[in-house]
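The chain contents come next:
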Amino acid sequence: QVHLVESGGGLVQPGGSLRLSCAASGFTFSSYPMSWYRQAPGKEREVVAGITNTGGSTNYADSVKGRFTISRDNAKKTVYLQMNSLKPEDTAVYYCRSGTWPPRWGQGTQVTVSS
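Residues numbered from 1 in each chain as written. Predicted model: local features only at pLDDT ≥ 70, side-chain atom pairs only at ≥ 80, totals over all residues. Heavy atoms only, no water.

1. Considering the sheet that holds strand E9 (residues 92-98)
As a reminder, the rule being used: If DSSP finds at least two bridges between two strands, the strands pair. Under the scheme used here, helices are H or I runs from DSSP no shorter than 4 residues and strands are E runs no shorter than 2 residues, and both carry numbers assigned from the N terminus. Axis lines are fitted to C-alpha atoms, over the contacting stretch for helices. Their N-to-C directions set the angle, which ranges from 0 to 180 degrees.
Across the sheet, which stays open at both edges, the 6 strands sit in the order E2-E10-E9-E4-E5-E6 with mixed pairing between neighbours. The outermost strands of the open sheet, each flanked by one partner alone, are strand E2 (10-12) and strand E6 (58-60). The sheet shows a mean angle of 25° between the axes of neighbouring strands, direction not considered. Across 5 bridges, the pairing between strand E4 (residues 34-39) and strand E5 (residues 46-51) is antiparallel. Note on E5: the bridge partner recorded for Trp36 is Ala49.

Now the structure itself:
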């Protein structure tokens, strides 16, 4: 069965960086697109970035373009989210989601941007 485990979250000051990882198992990782979402307190979950199965194409929410980079390593069955120039409004629980049907979610990792 599909299993996703996020890691790499934490507390960072504004302007800082974090790299999130999502380790996948239970499906043919290289065959499916992957995406990152986030959910801030009191807000709906929103998509942050997506990547095709080969990594050849990516897309981003306008709010993170130019600051975040999604990537994947199919040999390691892992998708990453490099987050630079972090802002307080990036504070949220970050989730990875598989492009399988039905889609599956990890448990999330907390990112807090605060001075």
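Once you've had a look at it, read on.
2. A word on the packing of aromatic side chains
Stated formally: Pairing of aromatic side chains here covers Phe, Tyr and the six-membered ring of Trp, requires ring centres within 6.5 Å, and sorts the geometry by plane angle: under 30 degrees stacked, over 60 edge-to-face, intermediate tilted. Over a ring means this: the NZ of a Lys or the CZ of an Arg is within 6 Å of the ring centre and within 35 degrees of the ring normal.
Taken as a whole and judged by the stated rule, the model has 4 aromatic pairs. Between Phe27 and Tyr32, the ring centres sit 5.9 Å apart and the planes meet at 65°, which makes this aromatic pair edge-to-face. Of the aromatic side chains, those joined through ring pairs into one cluster are Phe27, Phe29 and Tyr32. If you follow Arg45 out to its NZ or CZ, it ends over the ring of Tyr95, 3.7 Å from the centre.

3. Some points on the side chain of Ser21
For clarity, the threshold we go by: Every residue pair with non-hydrogen atoms within 4.5 Å of one another is taken to be in contact.
Relative to the helices and strands, Ser21 is located in strand E3 (residues 18-25). Look past the residues within four positions of Ser21 in its chain and what remains in contact with it is Val5, Glu6, Ser7, Trp36, Thr78, Val79 and Tyr80.

4. Concerning unusual backbone geometry
Here Trp101 and Pro102 are connected by a cis peptide whose omega angle stands at -5°. In this structure, Pro102 sits in the loop between E9 and strand E10 (109-113). Despite not being glycine, Lys77 shows a phi value in the positive range, around 55°. Topologically, Lys77 is positioned in the loop between strand E7 (68-73) and strand E8 (78-83). One non-glycine residue, Ser85, lies in the positive phi region at around 50°.

5. Thoughts on the environment of Ser21
For clarity, the cut-off: Relative accessibility under 20% of the residue-type maximum defines a buried residue, over 50% an exposed one, and the middle range a partly exposed one, all with a 1.4 Å probe and only protein chains included.
Ser21 sits in the buried class, given a relative accessible area of 16%. Along the backbone, Ser21 and Val111 are 90 residues apart, and their C-alpha atoms lie at a distance of 12 Å.

6. Quick look at the sheet that holds E8
Strand order across the open sheet formed by 4 strands is E1-E3-E8-E7, with antiparallel pairing between neighbours. The strands lining the two open edges of the sheet, one partner per strand, are strand E1 (3-7) and E7. Here the strands of the sheet are splayed against their neighbours by 15° on average, with no regard to which way each runs. Summarising the sheet, E7 and E8 pair through 6 bridges and their orientation is antiparallel. Looking across to E8, one finds that Thr69 is bridged to Gln82.

7. A short note on the pattern of salt bridges
So the rule is basically this: Definition used for salt bridges: Asp or Glu carboxyl oxygen within 4 Å of a side-chain nitrogen of Lys or Arg.
Counted according to the given criterion, the structure contains 4 salt bridges. A salt bridge links Lys65 to Asp62; its shortest N-O distance comes to 3.2 Å. Side by side, Lys65 and Asp62 carry an identical accessibility label, which is exposed. Put simply, Asp90 and Arg67 hold a salt bridge, and the shortest N to O gap is 2.7 Å. With Asp90 in the loop between E8 and E9 and Arg67 in the loop between E6 and E7, this residue pair connects regions lying 23 residues apart in the sequence. Looking at Asp90, the relative accessible area reads 1%, which means it is buried. Salt bridges linked by common partners bring Arg38, Glu46, Arg67 and Asp90 together as one network.

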